[in-house]
Amino acid sequence: MRGTVLDSHFLALTAIVTVSYQLAFFIITALLKFDKVTDFAGSTNFVILAILTLALKGTWHFRQVVLSFLVVIWGLRLALFLLTRILQWGEDRRFDEMRDNLGKLAIFWIFQAVWVWTVMLPVTIVNANSGESSLQAADIIGWIMWCVGLLIEATADQQKLVFKNSPENQGKWCAVGIWKYSRHPNYFGEMLLWWGIFVAATPVLEGTEWLVIVGPIFLTLLLLFVSGIPLLEESADKRFGNVVEYKQYKIKTSPLIPLPPSVYENLPFWFKATFLFEFPLYNRNLPPENLN
């Protein structure tokens, strides 16, 4: 039975574990109206799935161990960082309209469960694989992408936390460190590291297993169009939209991929929208003439 629990690719098992884990935290949140554990529940769910699938399969191939280790490192770092941050800042503003609306709260937690299970697919399939192949260029490339992505994400998170915790920066937007070159460098880092994990998983993928590419694609679309950049851009535009310096920051700063402001500012808007993710969606609360 080892390595074939419910199904040979652990798809049903990881789905059941993920739904159960998220359901438990949803009940805590709904009954106690305590939303400080939300991000912790999402991040640690990745860690549980990585360790569980690796241990159940029991083959301990080098590629399986490395990818599982990378997920554990990412998940623990993010979980501890987000938990520490929310304990410092207080309530999570994302839930202001959900705490008294059980339906909206449930939809959020369902979406979080889908996010965890889907994004973990590449590692889940690698850990369910019985064969072992020699290391390939894709492994090294993927690991490098993960390392660079984690460095960017962790650096951006820490710089913003320090900025926000400084009393003199109250009521200001973060434009220090790596945030000078990207309005959302943490999301760029997260996308890069998960695409790196997919690349490192490709040497063992066969046939329909290639569908695990839906994991990094789902994450990318989620951050670009749903719960990532659009929400933060809208919030910042509402707070600082009438501030000249903020408008200049948006004009000069790439929304995602870090670039020197002097370079980004002089690019035509059509190029930014086509290749650098400067979608009109991110600027709908600002006068269009200020963004060309």
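Conventions we followed
Every chain is numbered on its own, with residues counted from 1 as its sequence reads. Only residues with pLDDT of 70 or above have their local features reported here, since the model is predicted, and side-chain atom pairs are shown and tallied only from 80 upward, although totals for entire chains, interfaces and linings are computed over all residues. Side-chain measures were taken over the full set of non-hydrogen atoms in the model, leaving aside hydrogen atoms and water. Per the convention used, a helix needs a DSSP run of H or I reaching at least four residues, while a strand needs a run of E reaching at least two, with both numbered from the N terminus. Taken over C-alpha atoms, the radius of gyration is set against a globule rule of 2.2 Å times the number of residues to the power 0.38. Here the term buried applies to any residue with accessible area under 20% of the maximum for its type, exposed to any over 50%, and partly exposed to those in between, with areas from a 1.4 Å probe on protein chains only. The contact criterion used is simple: two residues touch if any of their non-hydrogen atoms lie within 4.5 Å. All accessibility values rest on the Shrake-Rupley procedure with a 1.4 Å probe; residue burial counts only the protein chains present in the view. The rule for a salt bridge is simple: a side-chain nitrogen of Lys or Arg has to be within 4 Å of a carboxyl oxygen of Asp or Glu. As used in this record, nonpolar core signifies buried Ala, Val, Leu, Ile, Met, Phe, Trp, Tyr and Cys residues forming a set joined through side-chain atoms within 4.5 Å. To estimate how far a helix should extend, the number of its residues minus one is multiplied by 1.5 Å. Helix axes are fitted to C-alpha atoms over the stretch in contact, other axes to C-alpha atoms as well, and angles between N-to-C directions run from 0 to 180 degrees. Note that the term roughly parallel is reserved for angles under 35 degrees, roughly antiparallel for angles over 145, roughly perpendicular for angles of 65 to 115, and oblique for everything else. Left-handed describes a crossing whose near helix is turned anticlockwise from the far helix through less than a right angle; right-handed describes the clockwise counterpart. Amino acids are sorted into nonpolar (Ala, Val, Leu, Ile, Met, Phe, Trp, Tyr, Cys and Pro), charged (Asp, Glu, Lys and Arg) and polar (every other residue, Gly among them). Every residue gets a pLDDT, meaning the predictor's confidence in that residue, from 0 to 100.

For the protein chain, an unreviewed UniProt entry supplies the name Steroid 5-alpha reductase C-terminal domain-containing protein and the organism Kalanchoe fedtschenkoi.

## Observations concerning the overall build of the protein chain
For the protein chain, the helix and strand inventory stands at 12 helices and zero strands. Computed over C-alpha atoms, the radius of gyration of the protein chain comes to 20 Å, within 12% of the 19 Å expected from 2.2 N^0.38 for 292 residues, which places it in the range of a compact globule. For the protein chain, the spread of C-alpha atoms along the principal axes amounts to about 65 × 50 × 30 Å. In the protein chain, which comprises 292 residues, the share counted as buried stands at 48%. In the protein chain, once contacts between residues fewer than 6 apart in sequence are set aside, the share between residues at least 24 apart is 75%. By element, 68% of the accessible surface of the protein chain is carried by carbon and sulfur atoms, the whole surface being about 14,100 Å².

## Observations regarding the pattern of salt bridges
In the structure shown here, the tally under the stated rule is nine salt bridges. Residue D139 pairs with R63 through a salt bridge whose shortest N-O separation is 2.7 Å. A residue pair is termed long-range when its members are at least 10 positions apart, and D139 in helix α6 (residues 137-165) and R63 in helix α3 (residues 62-89) qualify at 76 residues. Look at R63 and you get buried, because its relative accessible area is 5%. Among the charged side chains, a network of salt bridges with common partners joins R183, E233, D237, K250 and E278.

## Observations concerning the nonpolar core
In terms of nonpolar packing, the biggest core is built from 53 residues, with F46, L67, V71, W74, W115, M120 and W194 touching the most fellow members. Counting residues per element, the ones that place at least two in this core are α2 (38-57), α3, α4 (102-119), α5 (121-128), α6, α7 (185-201) and α8 (214-226). Sort the elements by how many residues they give to this core and α7 lands first, with 10 residues. Dropping the residues within four chain positions of it, V71 is found in contact with F46, V47, A50, M120, V123, W194 and I197. Listed in part, the seven residues of the second largest apolar core include F26, L105, F108 and W109.

## Considering α2
Along its 20 residues, α2 runs 29 Å from first to last C-alpha, staying within 8% of the 28 Å computed at 1.5 Å per residue. Counting buried positions along α2 gives 14 out of 20 residues, so the element sits mostly inside the fold. Just downstream of α2 lies G58, where phi reads positive at about 75 degrees.

## A closer look at the packing of helix α1 (residues 11-32) against α2
Look at α1 against α2: their axes get within 10 Å of each other, and the N-to-C directions meet at 150 degrees. With respect to their mutual orientation, α1 and α2 come out roughly antiparallel. Pair α1 / α2 crosses with right-handed handedness. Only A41, G42, T44, N45, I48, L49, L52, T53 and L56 of α2 make contact with α1, whose side of the interface consists of L13, T14, V17, T18, Y21, Q22 and F25. Per-class residue counts for the contact of α1 with α2 are nine nonpolar, seven polar and no charged.

## Structural notes on the confidence of the model for the protein chain
Per-chain confidence: the protein chain averages 90 in pLDDT, with 92% of residues scoring 70 or above. Long-range and interchain partners of residues 1-5, a stretch whose pLDDT sits below 50, account for 12 contacts in this model, where long-range means more than four residues apart.

## Some thoughts on the environment of L13
By the element assignment, L13 lies in helix α1. Residue classification places L13 among the buried positions, given a relative accessible area of 11%. With 40 residues separating them in the primary sequence, L13 and T53 have C-alpha atoms 8.9 Å apart.

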